[in-house]
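Analysis of the macromolecular model
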Amino acid sequence: MINMATLTDARLTSKVEITGISFSLGSYSISSREKVSSIVDSSKLKDETDKVILGLGINRTSVAAKGEDVITNAALAIIKLIVSYNVDTSKVSNMVIATETPHDISQSMVNPVLKLANKLIDKLNSNGYSIKHLNPDIGMHIQSACTSAGSAISNYAINGLKGYAIIVATDNAEYKLGTSADETGGFGAVAVLLEPYEKGKKGIILVDEVGHYSDEVPDFIKVIFDDNYSSSGLSLVARYPIVFGKFSEEAYSLAIFEALKRISENTGIPINNRKMLESYDLISHLPYPKIPEKLLAYLIRHLSRTDSSLKEDLSKELNSKEASNALLMESFLPGFDNLEEEFKFIIKFESLYNNAIGLSSEIKDRMSERRNELDSFLNSRDTVDKVRSIIGEIDNIISEFDYNKDISGLLGSCKDSFSSLLGNNNVSEQDIENAFKPVMDVINEFEKEDNTYNKSIRSSKIFKQIKEELHIEEAVKLSKEIGNIYTGSILIGLISYLTSVDKPKSNLLLTFYGSGFESYVIEAIPNIDQNFISNLKRNINNEFGKQKMIDGDTYIKIRKNAYNDANIPLSRDNIFRVDLINEDLFLNEIKKYRDQ
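Quick look at the structure, then.

Definitions and limits used
Residues numbered from 1 in each chain as written. Predicted model: local features only at pLDDT ≥ 70, side-chain atom pairs only at ≥ 80, totals over all residues. Heavy atoms only, no water. Helix = DSSP H or I, 4+ residues; strand = E, 2+ residues; numbered from the N terminus. Expected span 1.5 Å × (residues − 1). Contact = heavy atoms within 4.5 Å. Polar contact = N/O pair within 3.5 Å; in protein donor to acceptor, adjacent residues only side chain to side chain. Pairing = 2+ DSSP bridges. Axes fitted to C-alpha atoms, helices over the stretch in contact; angles between N-to-C directions. Parallel < 35°, antiparallel > 145°, perpendicular 65-115°, else oblique. Left-handed = near helix turned anticlockwise from the far one by under 90°. Nonpolar A, V, L, I, M, F, W, Y, C, P; charged D, E, K, R; others polar. Salt bridge = Lys/Arg side-chain N within 4 Å of Asp/Glu carboxyl O. Buried < 20%, exposed > 50% of the residue type's maximum accessible area, 1.4 Å probe, protein only.

Before going further, it helps to spend a moment on helix α4 (residues 110–125). Taking 1.5 Å of rise per residue, the 16 residues of α4 would be expected to cover 22 Å, and the 22 Å separating its terminal C-alpha atoms lies within 8% of that figure. Where α4 is buried, its residues contact α3 (70–85), β4 (92–99), β5 (138–143), β17 (570–573), β18 (578–581) and α21 (583–594).

Our focus in this paragraph is the environment of D208. Residue placement: D208 occurs in strand β8 (residues 203–214). Put simply, D208 and V16 are 192 residues apart on the chain and 8.0 Å apart in space, counted from C-alpha to C-alpha. Within polar-contact distance, the side chain of D208 engages the side chain of T13 at 2.8 Å. A distance of 3.0 Å separates polar atoms of two side chains, one belonging to D208 and the other to K15.

Let us look at the sheet that holds strand β13 (residues 280–284). Overall, mixed pairing links the nine strands, which are arranged β5-β4-β6-β7-β1-β8-β15-β14-β13 in an open sheet. In this open sheet, the two edge strands, each paired with only one partner strand, are β5 and β13. Each adjacent strand pair in this sheet contributes to an overall mean axis angle of 30 degrees, direction not counted. Pairing between β4 and strand β6 (residues 164–172): six bridges, direction parallel. Opposite I97, over in β6, you have V168 as the bridge partner. Of the strands in this sheet, β1 (14–25), β4, β6 and β7 (187–196) touch α3, which is tilted by about 120 degrees from β1.

Turning next to unusual backbone geometry. Positive phi outside glycine occurs at N561, with the angle close to 60 degrees. By the secondary structure assignment, N561 is in the loop between α20 (552–559) and β17.

With that settled, consider the packing of α3 against helix α19 (residues 530–546). Two elements in contact, α3 and α19, have axes whose closest approach is 11 Å; the angle formed by their N-to-C orientations is 140 degrees. The angle between α3 and α19 places the two elements in the oblique class. As for the relative orientation of α3 and α19, their crossing is right-handed in sense. Touching K80, S84 and Y85 of α3 are F532, N535, L536, R538, E543 and K546, all from α19. Its residues placed into classes, the contact of α3 with α19 shows three nonpolar, two polar and four charged.

Overall, the coordinates contain 37 salt bridges when judged by the stated rule. R60 is paired through a salt bridge with E481; the nearest N and O atoms lie 3.1 Å apart. One end of the pair, R60, is in strand β3 (residues 60–63); the other, E481, is in helix α17 (residues 479–482), and 421 residues separate them in sequence. Each member of the pair, R60 as well as E481, is classed as buried.

This next bit is on the pairing of strand β15 (residues 518–527). The buried fraction of β15 amounts to 10 of the 10 residues, a majority that puts the element mostly inside the structure. The pairing of β8 with β15 spans nine bridges and is classified as antiparallel. By the bridge assignment, G203 is partnered in β15 with N527. Examined bridge by bridge, strand β14 (residues 507–514) and β15 share seven bridges and lie antiparallel to one another. What sits directly across from L509, in β15, is E523. Counting the residues between successive antiparallel strands, the hairpin from β14 to β15 contains three residues, one of them, G516, with a positive phi of roughly 100 degrees.

Spatially, the three strands line up as an open sheet ordered β3-β2-β16, and their pairing is mixed. Both edges of this open sheet fall to β3 and β16 (548–550), since each of them pairs with a single strand only. Each neighbouring strand pair of the sheet contributes to a mean axis angle of 35 degrees, computed without reference to strand direction. Note: strand β2 (residues 28–31) against β3, four bridges, orientation antiparallel. Bridge pairing links I30 to T61 in β3. Where α20 meets the sheet, its contacts fall on β2, β3 and β16, and the angle it forms with β16 comes to roughly 95 degrees.

Looking along a regular strand, one sees side chains alternate from face to face of the sheet. Inspection of the sheet shows β2 paired to β16 by three bridges, in the parallel sense. Of the residues in β16, the one forming a bridge with S29 is M549.

Shown next as structure tokens:
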């Protein structure tokens, strides 16, 4: 049963709609148990595997074979889109490559992706197809952590489009081998076709008012250091992200809430009313499949402040379950009475802490082999200047939260601790960390209590009922089998939702988040037909059907570039910029998208 929604709400207007989506995965897949075996020893295997499957919600993840990368996968996603939806490529006027894992820090990724896609079109045309070369008027490379596709889609939603646009979200979410962060990483590309909105045409209609919010927050970082010591002209790049986990989740939650406030101001979405949950389904960015549950728990807490019946129902249920223990109450930082303001404070203060302590500490741990060179770089800043800058930032935070006397007092003591360091010529990193400690201790204790309260909400009947009404489980179904693919993860969530929900709601909210603190909320109206759904389901079957399951040892070899498998349709050498096409395998793979 397909929803036949239309743009009938007088408050809404549209300039573009999504008329096609295709995705491409890696040639390999690894189960969570096997990936965990590459991280922990056998004595911890079961507990850690349970954490990944039950705690994060990941069953397996997509893995790139040697030679597969963000360029080959983007080109394949484009070709699958063109063939599946019979796209008139002469009308494609805009091509956008959205990524956070670029092959080069200067060249636009549109160039190699277009070049390869047109090579593939030539192969197809030599074998009975008739597809014109892609020759867009505009090619854009947008690079940011997970919001780059949201930036592109929002731009076209607001400003409109002449001709068609293809937006490709392509990433390889690799983390340091042998670390718990690597449990979530996946590999994939999603191509989206946008066309100008036209009444009566089938597609996912995008409303032309969006919600956007951004700031600079160090929750997920890939830093670049210039090699100033040997004058080599090379840089040291943090290939694997530096992630501050709990802090990043708080940043994600706050940024989405702020973007929701913006779109509410623009379109009247009732974000302070439980009716929002009845009228909209939320499709979230998916660093892992369980995170929408955490976001929903925070949203329910927000709504309970303005919906007295929800607040009363929630309180009754939580405290009836905990009757044998102390009364279960929502925890607050000193002087605060709502989560939204608390998170603003935490983001401000922990950003200061992570910039001053967390970032340099993590880099030193990772780069210990270059200790002599790196220490001189990281310690090159004048410590007195560093302390002065911290004091200045604390003053800014005190000014922003001056209405909260408890927090202002705590910050005043913290400032005094830093001021006492100004007369010391030998201030160490430990001295700086000790000055932060009293405030960080308060935050850490709050986070523990807040996590306990959130878990209680997530186990409540009210939460489970709302979760079911919002079709959250359906929206994360594919992510459980793919893992985090950064920029494309929310689009995988959209595909999962559309192919798993029999009766989609008339309105969806696409909530993009990118680490570094940027968020977009786009309102979408699914007005799609059975052909659209059939294409998506065929895409899912084809992608999972082609993948070869690998074990933990093979995964380690792949990550160390020590395992080669010639049976892949495309490979690329990014040093020499050479594309290799296995024509038979490529044609066989694409044939599955042509045959109905």
